[in-house]
Amino acid sequence: MAEGGSTKAMNENVPVYEHVEVNTKAFHIGSFRDLWLSVLKPEDYCFNQTDSEVEDAEFIETMGITPDTLQELKTICSPESLRCHPADEDPDPDDIPADTQLATLKLRKKRLDYKKSLSRDGVGRHDAYANELEMLTLGRRTEDTTDIIPEGEIVLTFNVIYPILFKRFKHVRAYQTLHILGSQNLTELRDSICCVSDLQVFGEFSNTPDMVPQFISKDHYKSAFFYFEGIFYNDMRFPECRDISKVTRDWAKTRREFPEFKTAKMEETTFSDLRMKVGYPYLYCHQGDCEHVLILTDVRMVHRDDCLDRKLYPLLSHKHRVVTRKCCVCHLYISRWITTNDALAPSDPCLYCDQCFRLLHYDQHGNKLGDFQAYAYVDPGAFN
Ligand SMILES: [Zn+2]
Ligand SMILES: [Zn+2]
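Note that residues are indexed from 1 along each chain, following the sequence as it is written. Chains and ligands are labelled sequentially in the order written, the chains with letters from A and the ligands with numbers from 1. For this predicted model, a pLDDT threshold of at least 70 governs which residues receive local features, and a threshold of 80 or more governs which side-chain atom pairs are given and counted, while totals over whole chains, interfaces and linings are taken from all residues.

An unreviewed UniProt entry lists the protein under the name snRNA-activating protein complex subunit 3, with Tachysurus vachellii as the source organism. UniProt positions are given in the numbering used here, feature names are shortened, and annotations may be inferred rather than shown by experiment. The UniProt entry for the protein carries this comment under Function (unreviewed entry): "Part of the SNAPc complex required for the transcription of both RNA polymerase II and III small-nuclear RNA genes. Binds to the proximal sequence element (PSE), a non-TATA-box basal promoter element common to these 2 types of genes. Recruits TBP and BRF2 to the U6 snRNA TATA box." Listed in UniProt under the heading Subunit (unreviewed entry), the comment for the protein reads: "Part of the SNAPc complex composed of 5 subunits: SNAPC1, SNAPC2, SNAPC3, SNAPC4 and SNAPC5. SNAPC3 interacts with SNAPC1."

Student: What is the right way to read the sheet that holds strand β14 (residues 350–352) from this model?
Tutor: What holds strands together in a sheet is hydrogen bonding between their backbones, with the strands either parallel or antiparallel. Within the open sheet, the three strands sit side by side as β14-β13-β15. Their pairing is antiparallel. In the strand order of this sheet, the two ends are held by β14 and β15 (373–376), each with one partner. Within the sheet, the average angular offset between the axes of one strand and its neighbour, ignoring direction, is 30°. Between any two strands, pairing holds if DSSP finds at least two bridges. A run of DSSP states H or I qualifies as a helix once it reaches four residues; a run of E qualifies as a strand once it reaches two. Both are numbered from the N-terminal end. For strand β13 (residues 337–340) and β15, the ladder comprises four bridges, and the chain directions are antiparallel. Each bridged residue has a counterpart across the sheet, and for Ile338 the counterpart in β15 is Tyr375. Angles run from 0 to 180 degrees between N-to-C directions of axes, and those axes are lines fitted to C-alpha atoms, restricted for helices to the stretch in contact.

Student: What is the right way to read the confidence of the model for the protein from this model?
Tutor: Detailed reading of the predicted model is not advised wherever pLDDT is low. The pLDDT value expresses, per residue, how confident the predictor is, ranging between 0 and 100. Model confidence for the protein is summarised by a mean pLDDT of 85, while 86% of its residues fall at 70 or above. In the model of the protein, helix α7 (residues 125–137) stands out as the element of lowest mean pLDDT, 58, in contrast to strand β7 (residues 231–234), which has the highest, 97. When the criterion is pLDDT under 50, residues 1–5 qualifies, and its contacts beyond four places in sequence or with other chains add up to two contacts. Considering only residues more than four positions removed or in separate chains, one finds that residues 166–172, a stretch of pLDDT under 50, has seven contacts. What counts as a contact here is a pair of residues whose C-beta atoms, placed from the backbone, lie within 7 Å.

Student: Would you mind going over helix α2 (residues 29–39) with me for this structure?
Tutor: Given 3.6 residues to a turn, an α-helix orients residues that are three or four positions apart in the same direction. Among the residues of α2, those classed as buried are Ile29, Phe32 and Arg33. What you see down the axis of α2 is that its buried residues fit within an arc of 100°, all on one side. Contact partners of the buried residues in α2: β3 (27–28), β4 (154–161), β9 (275–276) and β11 (290–301). Whether a residue is buried, exposed or partly exposed follows from its count of other C-beta atoms within 10 Å of its own C-beta, namely 20 or more, 12 or fewer, or something in between, respectively; the C-beta atoms are built from the backbone. Note that the arc is computed from the directions linking the helix axis to the C-beta atoms.

Student: What is the right way to look at the pairing of strand β10 (residues 281–286) in this model?
Tutor: It is a general feature of regular strands that their side chains alternate between the two faces of the sheet. Summarising the sheet, strand β6 (residues 224–228) and β10 pair through four bridges and their orientation is antiparallel. Bridge pairing in β10 links Phe225 to Cys285. In this structure, β10 lies alongside β11, joined through six bridges in antiparallel fashion. When the bridges of β11 are listed, Cys285 appears paired with Glu291. In sequence, β10 turns back onto β11 through a hairpin of three residues, with Gln287 there showing a positive phi of about 50°.

Student: Explanation requested: the nonpolar core in the structure shown.
Tutor: Across soluble globular proteins, nonpolar side chains have a tendency to be buried as a group. A set of buried residues drawn from Ala, Val, Leu, Ile, Met, Phe, Trp, Tyr and Cys, joined through C-beta atoms within 7 Å, is what defines a nonpolar core. Among the nonpolar cores identified, the biggest contains 34 residues, and Leu156, Phe158, Ile180, Phe226, Tyr233 and Val299 are the most heavily contacted of them. Ranked by residues supplied to this core, first place goes to β4 with five residues. Dropping the residues within four chain positions of it, Ile180 is found in contact with Leu156, Phe158, Glu188, Leu189, Phe271, Tyr313 and Pro314. Core analysis: the next-biggest nonpolar cluster, separate from the first, contains 11 residues, Cys327, Cys350, Cys353 and Ala374 among them.

Have a look at this one:
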């Protein structure tokens, strides 16, 4: 196709494994897309479904068969042929008659009855919704033609791992799966990552528990960066944003083993501009030191069955439900306070609901009992 240097440049952007089944070598996302576009025919990635008649005719021609053979093939290969009975007569395998003499069926009935006794009403509500997330957007199109994703666009899938908040809450490592288009800016991914540190209220309030202010960290500390392949992409959209990667870069300058890191602006970079590895852990950092591992798990062309409404991207397809942390006293309500150096607490740090916190730590006149520090606590389950 091309010769010399350009062939080399082309090959560099075909992803190959760096570590087998773990991650690929870095490649340029936009060039990878162009490579696909250069080898695919427009009808391969267009969003209009080919008519089944046209498809049949093409199949007959490609395979060199007669229309009768095609018809026969369709009947033989149909999933209907796998049934023992016609669809409307299929007996329910779980419907076992009470007076059965067969030992295996008796066992099965016992097992099924036991299973039924375990199920409680309403347990699956969240799960039902979580699965729906994916179904809701499947094949979704938009009325407004200006919002339709152009054909030949690519979509990237990211897994976002939540930060480990405290060592003793090590098991809290939920994640989100987000799909984003190659032409979208890094800031659009940033804005769709939800993290409880954005909702925190900073300050120690053990002396004034009624004075917890309403503003949250997100409104005050807007700086953040992504780190991809030697470049820190800083969010600089607002005047109060700072380059919080500077500390790391300055530190790296004093060590010989690190290369010189570059910086770029998040809001001026699209995903197609990036060089990335699939499967490799990258970093998203915000609120000073809240760090999330970010893994690109897939890069592919947008398919006609995908959600084609550009406005809905970045598209959330999975969200891990976090177990809410209950108050250490009543084990009933979701925690709203976290204390440290607290002689009354069974652990350090310790979580309380509002009511138990006040009853345990203040007398009837609102005077603080003992010495401790108290901070407002936002439960990660807030995003469930
Ligand atoms: Zn965070
Ligand atoms: Zn409580």
